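Below are the chains, spelled out letter by letter.
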Amino acid sequence: MSTKEQKERVELLQGTLDLLILRTLQRGAMHGHAIAKAIEFRSDDVLQVEQGSLYPALHRLIKRRWISVTDGASENNRRAKFYALTARGRQQLTVETGKWDKLARAIAQILSPGGQEEA
Amino acid sequence: MTRRKRMLADLEEAIREHLESETQDNIDRGMSPDEARYAALRKFGNVARVKEETWRVWHVQWLEQLLQDLRFGVRTMWRSPGLTIAAVLAIALGVGMNVGIFSVLNGVALRLLPVPQPRDLVGLNQVFHFQTQPDRLIHNDSSWFSFSEYLDYRDHSDVFSGLVAYEPYVEATLRDRGLQQVLGTAASCNYFDVLMEHPARGRGFVDSECASRGGSAVVVISDDLWHSRFGADPSLVGREIVLNRTAFTVVGIAPARFTGTEPVASAFWIPVTMQEALEPGIDRLSKDNMSWLALLGRMRPGVTIPAARANLDVIAARIDRRHPGRTTSLAIHPATFFSSPDQREYLVPVASVILAAFALVLLIACANVANLLLARASVRQREIALRLSMGAGRWRLVRQLLTESLLISIAGGALGSLVAFGSSAWLFRLVTSRLPHDFPPIAVNVAPDLRVLAYALLLSLFTGIAFGLVPALRSSRPDLNGSMKGQGTAWGTGSRSGRFLLNVLVGSQVAICTVLLVATGLLLRGLHHAQTLDPGFQIKGVATMFLNLEQQGYDGPHATQFMQRFRERIRAIPGVTEVAQAECAPLSHDFSVDKYTIPGNPEPVLVQYNHISHDYFSLLGIPIVRGRSFAPAEKHDAPGIIVTESAARRLWPNQDPLGKVLRESSGREGSVIGVAKDAQVAHLGESTSNYLYYPSGPEDDSRTYILVRYSTRFTDVASSIRDAAHAIDPGVLVDVTRLEDYLEVWRTPSRIVAALSGALSTLALLLCSIGVYGMVSYSVSRSVRDIGIRMALGAGRADVMRHELWQAIRPVLIGGAVGVGLSAAASGVLSSMMFGLGTHDLIAFVSVPLFLLAVALVAILIPSRRAMHIDPVVALRCE
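Throughout, residues of each chain are indexed from 1 in the direction in which the sequence is written. Numbering of ligands from 1 and lettering of chains from A proceed in the order in which they are written. Local features in this predicted model are restricted to residues of pLDDT 70 or higher, and side-chain atom pairs are both shown and tallied only at a pLDDT of 80 or more, whereas totals for entire chains, interfaces and linings draw on every residue.

What follows deals with the overall build of chain A. A run of DSSP states H or I qualifies as a helix once it reaches four residues; a run of E qualifies as a strand once it reaches two. Both are numbered from the N-terminal end. Check the secondary structure of chain A and you find five helices and three strands. Reading the helices (α) and strands (β) of chain A from amino to carboxyl end gives α-β-α-α-β-β-α-α. We call two residues in contact whenever the C-beta atoms placed from their backbones are within 7 Å. Here the analysis covers contacts within chain A between residues at least 6 apart in sequence; of these, 53% occur between residues at least 24 apart.

Next comes the structure, spelled out in structure tokens:
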């Protein structure tokens with residue numbers, strides 16, 4: 001496999017993809033391909049999701065009724081499924097974002113040079 | 001389509017769209033189409049795996065978890081086969097018995113009539129409400145109809161495609177190739193058409209055969225009679241057979257499986273208009289106010305029961321206008337056996353008591369299995385604690401534990417039901433074989449149907465939840481810390497509630513068992529009472545027969561002539577000492593009642609009466625305490641009557657009854673010439689009701705009982721009596737029985753119930769003893785360390801023993817006390833249903849709890865003795 005276009009990539013932690021999808025959909029309804037693109041673009045291509053793994057995640061969110069799905073047409077006029085946040089999904093996004101912030105702060109604190117000495 | 005299915009159907013399309021968009025983007029970036037598609041696929045990853053994972057999002061939850069639970073449950077059961085077998089057997093026993101008894105009840109009272117399209121058939125009954133005195137003649141069932149009422153409903157309602165009326169249980173003597181007493185049906189002429197049971201040979205009735213009274217002597221006979229009596233002779237159709245004294249032309253043979261519309265099989269059917277041909281002198285057809293015909297209607301398609309009721313109520317109201325002071329309410333219900341309000345009134349309480357008793361045994365079995373599961377749950381506590389601490393939800397755990405108990409209950413239920421289905425026919429025969437010998441064959445189908453299967457399934461599910469829920473809830477919240485560290489004994493540190501639960505289980509088992517045993521005790525005492533009871537007359541060594549010469553075609557003078565010669569011939573039989581006649585034989589279930597008045601007192605008194613020959617008292621050994629018995633010459637037209645002691649005391653308190661006058665409702669007067677000692681001649685166990693005797697006259701000879709006292713073998717005397725009758729007239733049917741056999745009829749209900757409840761309570765006792773034994777030995781084995789510590793600290797063996805005994809016996813005592821209280825309440829219900837039952841029979845109420853206590857003590861002593869011999873050192877080390 002060629003490695004020339006591979007930058008430094010970070011693998012996603014379990015469950016983080018859900019959060020990223022929710023956050024992405026906050027701007028409005030999108031179809032699957034657009035969501036994948038948006039996540040890649042907004043993370044400056046660091047988080048490169050294997051695009052297929054988007055679908056189990058989307059279905060998981062649909063099942064929990066955090067997002068809904070409707071038929072629509074994409075920008076180049078193809079038929080496509082559009083995913084949008086539901087009210088519950090919006091609520092969940094706040095909760096999940098809060099949790100993530102806490103986790104990130106805690107990990108950062110442990111990993112920072114000062115934190116290590118204190119421990 | 002469910003959401004899940006819709007989402008998955010769309011998945012394929014969504015993936016294709018995605019890949020096309022990505023390919024398009026790549027082409028836009030300047031790749032060749034092939035390269036673009038390849039890059040898109042690479043970026044997407046493994047399509048098959050993506051699909052599979054998405055599928056799993058939707059599937060895993062319920063189906064896979066259920067399968068997981070089932071697999072795990074089967075494995076757990078497999079690993080402890082002893083416990084599994086014990087639990088499954090206990091449930092099989094409990095559920096099987098309940099399903100068995102339910103399929104009998106289902107066959108008796110819930111199954112639709114065994115005819116084609118039974119769903120369209122309804123039974124019709126009427127309940128009368130009288131403003132003052134009830135005014136209605138009743139033959140068989142008060143909620144049935146008269147012939148004119150039937151015609152009203154048939155001709156003026158438009159909800160039925162056909163309405164049938166019939167009089168069941170018509171007795172007749174078949175006089176072809178010997179004599180045989182048979183039970184048949186007098187039916188309206190549309191009977192076979194409406195029921196869709198067209199005779200297999202010949203035809204059913206046609207309307208013209210019901211057009212005039214006594215006009216068409218035609219008969220349809222049952223397939224059974226055709227085979228047993230006429231050797232399935234195909235040329236019988238068109239020939240004549242004689243029923244009583246009337247010749248009937250056989251027009252058809254009923255289909256083989258059709259036995260009529262009553263639980264007792266019918267041997268023949270005649271047009272209802274031929275009623276008087278079989279019962280000469282009794283004209284029911286013209287009695288407009290007599291209940292004697294059962295009604296069955298086939299509803300037109302689309303007619304509902306409420307619509308039918310509305311239509312028929314109008315007709316009922318019209319009939320009511322002819323009977324001032326009476327209102328009729330109609331009962332319309334699916335056509336089953338025993339569906340009339342009269343019959344249900346008796347059947348429902350009896351069936352509920354029986355079902356309740358069987359359910360109690362199932363409850364004991366449940367408590368036992370719950371006990372077992374609790375004991376095992378404590379062994380599995382470490383496993384459960386581990387799963388809880390790994391993040392398993394409590395609901396998830398409860399569900400898994402319940403799956404296990406449902407597996408047990410369904411396995412047990414299936415096993416029990418299979419055995420029950422195999423044996424319910426046997427059980428039914430067991431019950432019917434205890435009926436008196438002259439009871440006619442009963443045509444009830446006890447094979448399982450959908451309703452029985454549903455009952456079995458529901459009962460199994462309910463059972464599984466009943467014994468599984470408490471252990472599941474309890475063991476899914478253990479003390480995590482203790483269990484993980486291996487400190488927790490069974491009900492270890494938080495053992496109070498666990499011990500309480502065990503005690504409640506044991507206590508309730510003992511309570512239920514007490515109720516069943518006390519009930520059995522009461523029934524057995526009642527049975528013993530009935531069997532040893534002195535009825536107040538000499539019942540042994542008396543043969544009896546009922547002769548209905550009128551029905552057999554005799555007129556009055558011929559009957560008297562026959563009877564005179566018959567009595568002479570009987571008296572001449574060697575071994576016969578006395579012969580007497582009576583209108584009602586003692587305990588024969590035949591009795592006559594009239595309203596009497598004492599001159600000067602307008603208040604009427606109900607008194608039962610009997611017409612007897614002068615030798616009745618001496619034959620039965622009933623002493624005359626005052627006055628004299630009837631003289632041989634005294635006939636019914638003489639004014640003398642004999643009253644019983646109780647009647648005399650009640651009618652003329654503190655006066656000499658001799659010479660006192662009593663007036664019949666007809667106005668005829670009689671004066672007392674003698675007082676007879678009380679005897680239980682009308683009702684077993686009851687000798688004090690008002691009763692009086694008239695001398696019999698020639699008019700009594702056409703329907704009479706004959707009593708014969710003999711000193712040799714009954715069979716010899718009986719056959720000599722039959723020969724004597726046939727020597728006078730070979731066409732007279734005589735059925736001789738022992739007078740004692742009449743007692744059987746009275747004892748039968750208590751005998752059947754006592755046999756059933758005896759079997760039930762033996763099982764209950766067995767289950768209960770196992771339960772108490774299991775609980776005690778379990779709790780002893782769990783408290784080995786406690787005992788060790790106590791003994792190490794210097795407690796004597798007697799102290800330890802006393803402690804263990806007290807711990808174990810307490811729930812037994814409490815349960816027993818509750819059980820005695822419940823039995824006192826239950827015995828009231830029972831005694832109202834069964835003859836000869838004392839409500840507060842001291843022997844049953846004292847001996848049963850003592851017996852149970854003794855059984856419990858044995859069950860407790862065996863494991864407790866083990867506790868006594870524990871070596872403290874071993875006990876302390878073994879944890």
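All names here are of chain B. If you look at the biggest cluster of nonpolar residues, it comprises 76 residues, and the most contacted ones within it are Ile364, Ala365, Val369 and Leu516. Mapped onto this core, the elements with two or more residues apiece are helix 4 (81-110), helix 10 (341-379), helix 12 (394-433), helix 13 (450-475), helix 15 (495-532), helix 20 (741-782), helix 22 (797-833) and helix 23 (842-868). Among the elements that line this core, the one with the most residues is helix 10, at 17 residues. Boundary definitions for the domains trace back to an automatic or database domain assignment. Per-domain counts for this core show at least three residues from each of domain 2 (80-111 + 345-488) and domain 4 (496-533 + 743-879). With residues up to four places along the chain from it excluded, the contact list for Val369 reads Ala87, Ala90, Ile91 and Phe467. Judged by nonpolar contacts, the second largest core, of 60 residues, contains Leu121, Val170, Val272 and Met274. Each nonpolar core comprises buried Ala, Val, Leu, Ile, Met, Phe, Trp, Tyr and Cys residues, the members being joined through C-beta atoms within 7 Å. The exposure label follows from counting other C-beta atoms within 10 Å of a residue's C-beta, where the C-beta atoms are placed from the backbone and the thresholds are 20 or more for buried and 12 or fewer for exposed, leaving partly exposed in between.

We now examine the interface of chain B and chain A. Taken residue by residue, the interface counts 21 residues in chain B and 17 residues in chain A. Where the side of chain B that touches chain A is concerned, the elements lending two or more residues are helix 1 (3-28), helix 2 (33-44) and helix 3 (47-79) of chain B. Polar here means any residue other than Ala, Val, Leu, Ile, Met, Phe, Trp, Tyr, Cys and Pro, which are nonpolar, and Asp, Glu, Lys and Arg, which are charged; Gly is therefore polar. Split into classes, the residues belonging to the side of chain B that touches chain A amount to nine nonpolar, six polar and six charged.

The next point concerns the environment of Asp678 of chain B. All names here are of chain B. On the secondary structure map, Asp678 appears in the loop between strand 20 (669-676) and strand 21 (691-695). For Asp678, a count of 20 C-beta atoms within 10 Å corresponds to the buried category. Through-space distance from the C-alpha of Asp678 to that of Gly536 is 7.0 Å; in sequence the pair is 142 residues apart.

Further remarks concern the confidence of the model for chain B. Residue and element names in this part refer to chain B. The share of residues in chain B with pLDDT of 70 or more is 92%, and the mean pLDDT across the chain is 84. Note: pLDDT gives the predictor's confidence per residue, expressed from 0 to 100. The weakest mean pLDDT in chain B belongs to helix 14 (residues 480-485) at 54; the strongest belongs to strand 9 (residues 268-271) at 96. Counted against residues more than four places away or in other chains, residues 486-494, with its pLDDT under 50, gives 21 contacts. For this predicted complex, the interface score ipTM comes out at 0.81, alongside a pTM of 0.70.

Here the focus is unusual backbone geometry. All names here are of chain B. Backbone geometry places Asn244, a non-glycine residue, at a positive phi of 50°. Residue position: Asn244 is located in the loop between strand 7 (240-243) and strand 8 (246-253). The exposure class of Asn244 is buried, given the 20 C-beta atoms found within 10 Å. Positive phi, normally seen in glycine, also occurs at Phe338, with a value near 50°.

Each strand in a sheet pairs with its neighbour through backbone hydrogen bonds, running either in the same direction (parallel) or in the opposite one (antiparallel). All names here are of chain A. In this description, strands pair whenever DSSP reports at least two bridges between them. The three strands lie next to each other as 1-3-2, forming an open sheet whose pairing is antiparallel. Because the sheet does not close on itself, it has two edges, and the strands there are strand 1 (30-31) and strand 2 (67-73). Pairing of strand 2 with strand 3 (residues 79-85), which is carried by seven bridges, proceeds in the antiparallel orientation. The residue bridging Ser68 from the neighbouring strand is Ala84, located in strand 3.

With that settled, the discussion passes to helix 2 (residues 32-42) of chain A. Residue and element names in this part refer to chain A. Buried within helix 2 we find Gly32, His33, Ile35, Ala36 and Ile39. In a view along the axis of helix 2, the buried residues occupy a sector of 165°, so they form one face of it. One or two steps after helix 2, the chain reaches Asp44, where phi turns positive at roughly 50°. As used here, the arc belongs to the directions running from the helix axis to the C-beta atoms.

Okay, the packing of helix 10 of chain B against helix 13 of chain B next. Residues and elements named next belong to chain B. Fitting a line to C-alpha atoms yields each axis, with helices limited to the stretch in contact; the angle taken between N-to-C directions then spans 0 to 180 degrees. The N-to-C vectors of helix 10 and helix 13 enclose an angle of 30°; their axes lie 9 Å apart at closest approach. The pairing of helix 10 with helix 13 is recorded here as roughly parallel in orientation. The chirality of how helix 10 crosses helix 13 is right-handed. Mapping the contact onto sequence places Leu362, Cys366, Val369, Ala370, Leu373, Leu374 and Ala377 in helix 10 and Thr463, Ala466, Phe467, Gly468, Val470, Pro471, Arg474 and Ser475 in helix 13. Should an angle lie under 35 degrees it is considered roughly parallel, over 145 roughly antiparallel, and from 65 to 115 roughly perpendicular; all remaining angles are considered oblique. A clockwise turn of the near helix away from the far one marks a right-handed crossing, whereas an anticlockwise turn of less than a right angle marks a left-handed crossing.

Residues and elements named next belong to chain B. End to end, helix 13 covers 37 Å across 26 residues, agreeing with the expected 38 Å (1.5 Å per residue, within 8%). Two axes define the bend at a residue: one fitted to the seven residues ending there, one fitted to the seven starting there, and the bend is the angle between them. Within helix 13, the axis deviates most sharply at Gly468, by approximately 40°, and proline Pro471 lies no more than four positions further along. What helix 13 keeps buried is the set Val452, Tyr455, Ala456, Leu459, Ser460, Thr463, Gly464, Phe467, Gly468, Pro471, Ala472 and Ser475. One less than the number of residues in a helix, times 1.5 Å, gives the span that helix is expected to have.

Moving on, we come to the pairing of strand 18 (residues 640-644) of chain B. All names here are of chain B. For strand 18, a buried count of four out of five residues is recorded, marking the element as mostly surrounded by other parts of the structure. Summarising the sheet, strand 18 and strand 20 pair through five bridges and their orientation is parallel. The residue bridging Ile642 from the neighbouring strand is Gly674, located in strand 20. Pairing geometry for strand 18 and strand 21, over two bridges, is antiparallel. Paired with Ile642 across the bridge in strand 21 is Tyr693.

Our focus in this paragraph is the packing of helix 1 (residues 16-25) of chain A against helix 3 (residues 54-63) of chain A. Residue and element names in this part refer to chain A. At a closest axis distance of 10 Å, the pairing of helix 1 and helix 3 adopts a crossing angle of 75°. It follows from the interaxial angle that helix 1 and helix 3 lie roughly perpendicular. On helix 3, the residues touching Leu17, Asp18 and Ile21 of helix 1 are Ala57, Leu58, Arg60 and Leu61. Across the contact of helix 1 with helix 3, the residue classes tally to five nonpolar, no polar and two charged.

Take the pairing of strand 8 of chain B next. All names here are of chain B. Counting buried positions along strand 8 gives six out of eight residues, so the element sits mostly inside the fold. Taken together, the two bridges between strand 5 (residues 201-202) and strand 8 define a ladder with antiparallel strand orientation. Directly across from Gly202, in strand 8, lies its bridge partner Gly252. Note: strand 6 (residues 218-221) against strand 8, four bridges, orientation parallel. Residue Ile221 lies in a different strand from strand 8, and its bridge partner there is Ile253. Linkage of strand 7 to strand 8, two consecutive antiparallel strands, is achieved through a turn of two residues, within which Asn244 is found at a positive phi near 50°.

The next point concerns the confidence of the model for chain A. For any part of a model where pLDDT is low, the fine detail of the predicted coordinates should not be relied upon. All names here are of chain A. Here chain A shows a mean pLDDT of 78. Residues at 70 or above account for 76%. Within chain A, the element-level pLDDT minimum falls on helix 5 (residues 113-118), averaging 54, and the maximum on helix 4 (residues 87-111), averaging 88. A low-confidence stretch, residues 1-7 (pLDDT under 50), is modelled with one contact involving residues beyond four sequence positions or located in other chains.

Further remarks concern the environment of Val170 of chain B. Within the secondary structure, Val170 of chain B sits in strand 3 (residues 160-175). On a C-alpha basis, the gap between Val170 of chain B and Glu279 of chain B in space is 8.9 Å, while along the polypeptide they are 109 residues apart.

All names here are of chain B. Following the sequence through the fold, Cys366 ends up in helix 10. As for Cys366 and Gly94, which are separated by 272 residues in sequence, their C-alpha atoms are 8.3 Å apart. Leave out the neighbours within four places in its chain, and Cys366 touches Thr463, Ala466 and Phe467.

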